[in-house]
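Read off the chains here:
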Amino acid sequence: MTDPLNTRFAEGDEAALVECFRAHGPLIRSYLRRFVRPQDVEDLQQIVFAEVWRSRHRFDPARSLPAWMLGIAHKRAVDQLRVRTPQTVPLDVIADPAGADGRADGDGLAERDQVQRALAELPEPQRQAIELAYYGDLTQREIAEKLSVPLGTIKARTARGLRRLSGILDTAATGGWEAEPRRAGVAAARGASGTRAMSRVSTMSKTDETGGPVVRPRIAVSSCLMGEPVRFDGGHSRDRFLNGELDRHVEWVHICPEMEIGLGSPRETLRLERSPDGTRLISRKSRTDLTDRMTALAEERVPALREVDGYVFKSRSPSCGVHGIPVHAGGATVDRKGTGVFASAVLDAHPLLPVEDEGRLHDALLRETFVERIFARARLRALLESDWRPRDLVSFHARHKMQMLAHDPAAFREAGRVVAGAGSRPREELAVDYARVFGTVFAAKASIGRHVNVLQHCVGMVGDALDPVRRADLAEVIASYQAGRVALSVPATLIRHHAQGLAAAYVRDQTYFSPYPEDLRLRNHVPA
């Protein structure tokens, strides 16, 4: 049955366009927010509706009007992302950010005092490392040299100190000292240096779109990928995605195994070589065997990686590479399926840890899968680190049902059996078992077929409250996704839009619809 609005729209009835704007404008705005900055949404919406009207002769009234409009919105949003250039601000505009009346200075001093008192509560080693970094403007390597302490120890002290400082600041955040002033106070305390790292101190006490706490995944990363000049040639391999879109949502733990075992930068290149004792890490010119030193470092560092939610390694590295590292024997390459010595130790110790290298993250599907896993793991870590009760685990499991079904239905059912024991088993035992099964679920890749099953499942829960035309719209959009004509974000946005309108809280609050921050825009690729 064809919707009369569709027919009137296709025939050029301007009143139909007005009705269309009222009926579907909120859906288009919600979809565009996944691509562009909030201040750009309204302008882009006008562009979309203008093209919708100009292209009405191409619309088949027997099809879904919202799905057709979302297709146009997707194209225009992608076009805007391609042409958008960074804005520059003249230095003279920001030369005096405090203002002429001095009130900003007074606020900054008051908030600086809060941070100073919080720092005083830290253990001396952690406080010293943080103050040298953010007041002394020293790098972690310079701090290690100044204190005659190993670099890895300084990194660990800084990371633990920042996490503890965040908790102290959150505890002190009462009587109107909310998230925004707290960020300003941290900025005042650190002065002009350490902007990116110190901003991690401010953990906002708010909830995400599914009703759960906002979490910041803790990700280990090869230092060179974050722009540190630690490569063998004295340079770096700064990755745009890690330092750009993902950076503002995660907490990084920098690791460079080659520097931490005492190699400088620049240094000799290394390679993997086959020997009767197994694969060895050898320097090319001096023929120094570094395997034992790297293995000892791994044994020291690996236990602490239980606290991270993922790891991004440098690709093609004989110490950090995860996939396809050449293995040599004599002067020939005998295998191209090797794994870096340090990376291999991490994978063996933490088989369920989300791991990728920056090269594979250039693939849209692999990038989406990795980011989804780290945020899921971070949400579980945040729960298990809190003073949780059995009902909290039950609620957590319920909010993740659809997301888990999209990955591994069998493992999801096993997780359900674990949750069924909540309240009758020791908390520690329950947490270990659930974390294991939860990690197993997300280690399996979500498939198009499982996504379709989840989408149809969600439609079944909201469909009875929709008229036949809207149910047909949803079915058509899901079929378009299954056929590879639209991205997953199209049916997901449409279903969530209907769930919000119907106050269908169970569907609306599923993490499946917001598995990570929307501005990462990772579901906007069309499946191959």
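This text follows the structure it describes.
Conventions we followed
- Within each chain, residues carry numbers counting from 1 in the order of the written sequence.
- Local features are withheld for residues below a pLDDT of 70 in this predicted model, meaning they are given only at 70 or higher, and side-chain atom pairs are given and counted only at 80 or more; totals for whole chains, interfaces and linings count all residues.
- Note that water and hydrogens are dropped before the side-chain values are worked out from all heavy atoms of the structure.
- Every helix listed is a DSSP run of H or I at least four residues long, and every strand listed is a run of E at least two residues long, numbered separately from the N terminus.
- Whether a residue is buried, partly exposed or exposed follows from its accessible area with a 1.4 Å probe, protein chains only, as a fraction of its type maximum: under 20%, in between, or over 50%, in that order.
- For the purposes of this section, nonpolar cores are sets of buried Ala, Val, Leu, Ile, Met, Phe, Trp, Tyr and Cys residues that join through side-chain atoms within 4.5 Å.
- Any two residues whose heavy atoms approach within 4.5 Å are treated as being in contact.
- If DSSP finds at least two bridges between two strands, the strands pair.
- Under this scheme, a helix contributes an axis fitted over its contacting stretch, all axes are lines through C-alpha atoms, and angles between N-to-C directions fall in the 0 to 180 degree range.
- Just to be clear on terms, a salt bridge is a Lys or Arg side-chain nitrogen sitting within 4 Å of an Asp or Glu carboxyl oxygen.
- In a helix, the anticipated span is given by 1.5 Å times the number of residues less one.
- Each residue is assigned a bend, namely the angle between axes fitted to the seven residues that terminate at it and the seven residues that start at it.
- Nitrogen and oxygen atoms within 3.5 Å of one another constitute a polar contact, given that in protein one can donate a hydrogen and the other can accept it, and given that sequence-neighbouring residues count only through two side-chain atoms.
- Stacked, edge-to-face and tilted labels apply to pairs of Phe, Tyr and Trp rings (six-membered ring for Trp) whose centres lie within 6.5 Å, assigned for plane angles under 30 degrees, over 60, and everything in between, in that order.
- In our convention, an over-ring charge means Lys NZ or Arg CZ found within 6 Å of a ring centre and within 35 degrees of that ring's normal.
- The rule is simple: put a 1 Å grid over the protein atoms alone, call a set of points where a 1.4 Å probe fits but cannot get out a cavity, call an open set with protein on both sides within 12 Å along at least five of seven lines a pocket, and count a residue as lining if it has an atom within 4 Å of a point.
- Grid points are joined across faces, edges and corners, and a volume is the space filled by probe spheres set on the points.

Re the overall build of the protein
Thinking step 1. Along the backbone of the protein there are 23 helices and eight strands.
Thinking step 2. The proportion of buried residues among the 528 residues of the protein is 46%.

Observations concerning the nonpolar core
Thinking step 1. Ranked by size, the top nonpolar core spans 70 residues in total, and within it Tyr434 and Ile495 carry the most contacts.
Thinking step 2. The element that contributes the greatest number of residues to this core is helix H4 (residues 65-83), accounting for eight residues.
Thinking step 3. Excluding its chain neighbours within four sequence positions, the residues that come into contact with tyrosine 434 are Leu380, Leu393, Phe396, His397, Met404, Ala415, Val418 and Val419.
Thinking step 4. Met294, Val302, Leu353 and Val355 belong to the second-largest nonpolar core, a separate cluster that totals 27 residues.

Some remarks on the sheet that holds strand E2 (residues 251-255)
Strand pairing in a sheet is mediated by backbone hydrogen bonds. Such pairs are either parallel or antiparallel.
Thinking step 1. With parallel pairing, four strands are arranged side by side in an open sheet as E2-E1-E5-E8. Edge positions in the sheet fall to E2 and strand E8 (355-357), since each of these pairs with one other strand and no more. Along the sheet, successive strands turn relative to each other by an average axial angle of 25°, direction set aside.
Thinking step 2. The pairing of strand E1 (residues 218-222) with strand E5 (residues 310-313) spans three bridges and is parallel. Counted as the bridge partner of valine 221 is valine 312 from E5.

Focus: the pattern of salt bridges
Thinking step 1. All chains considered together, the criterion is met by 26 salt bridges.
Thinking step 2. Two residues, aspartate 335 and arginine 274, come together in a salt bridge whose shortest N-O distance is 3.8 Å. Remark: arginine 274 occurs in strand E3 (residues 270-275) and aspartate 335 occurs in strand E7 (residues 332-338); sequence separation between them is 61 residues.
Thinking step 3. Judged by relative accessible area, which is 46%, arginine 274 ranks as partly exposed.

Description of helix H2 (residues 14-32)
Thinking step 1. Taking 1.5 Å of rise per residue, 19 residues should cover 27 Å, yet H2 covers just 24 Å from first to last C-alpha, more than 12% shy of that figure.
Thinking step 2. Residue histidine 24 marks the point of greatest curvature in H2, where the axis turns by about 55°; the proline proline 26 follows within four residues.
Thinking step 3. Taken together, the buried positions of H2 are Ala16, Cys20, His24, Gly25, Leu27, Ile28, Tyr31 and Leu32.
Thinking step 4. The N-cap of H2, judged by a side-chain oxygen 2.9 Å from the amide nitrogen of alanine 15 a few residues on, is aspartate 13.

Here's the deal with the packing of aromatic side chains
Thinking step 1. Counting across every chain of the model gives 11 aromatic pairs.
Thinking step 2. Taken together, the ring pairs in this structure connect Phe9, Trp53, Phe59 and Trp68 into an aromatic cluster.
Thinking step 3. Cation over ring: arginine 56 sits above tryptophan 53, and NZ or CZ is 4.1 Å from the ring centre.

Overview of the pairing of E1
Thinking step 1. The element E1 is extensively covered by neighbouring structure, given that five of its five residues are classed as buried.
Thinking step 2. Across the two faces of E1 the burial is the same, with Arg218, Ala220 and Ser222 and Ile219 and Val221 all buried.
Thinking step 3. Strand direction decides the pairing type here: E1 and E2, joined by five bridges, are parallel. Of the residues in E2, the one forming a bridge with valine 221 is histidine 254.

Looking at the sheet that holds strand E6 (residues 325-329)
Thinking step 1. Here four strands make up an open sheet; going across it, the order is E4-E3-E6-E7 and the pairing mixed. The open sheet has two edge strands, strand E4 (278-283) and E7, and neither has a second partner. Here the average twist between neighbouring strands, direction ignored, is 40°.
Thinking step 2. In this structure, E6 lies alongside E7, joined through four bridges in antiparallel fashion. Residue valine 327 lies in a different strand from E7, and its bridge partner there is aspartate 335.

Quick notes on empty space enclosed by the protein
Thinking step 1. This model, assessed by the stated rule, comprises one cavity of 30 Å³ or more.
Thinking step 2. For the largest cavity, the calculated volume is near 70 Å³.
Thinking step 3. Lining the largest cavity are Arg34, Ser489, Phe513, Ser514, Pro515, Tyr516, Pro517, Glu518, Arg521, Leu522, Arg523 and Asn524.

Some words on the environment of lysine 75
Thinking step 1. Turning to its location among the elements, lysine 75 is positioned in helix H4.
Thinking step 2. Lysine 75 sits 27 residues away from valine 48 along the chain, and the two C-alpha atoms are 9.2 Å apart.

With respect to the side chain of serine 64
Thinking step 1. Within the element layout of this structure, serine 64 appears in the loop between helix H3 (38-54) and H4.
Thinking step 2. For serine 64, the side chain forms a polar contact with the side chain of aspartate 473, separated by 3.0 Å.
Thinking step 3. Once you skip the residues sitting within four places of it in the chain, serine 64 turns out to touch Phe59, Asp473, Glu476 and Val477.

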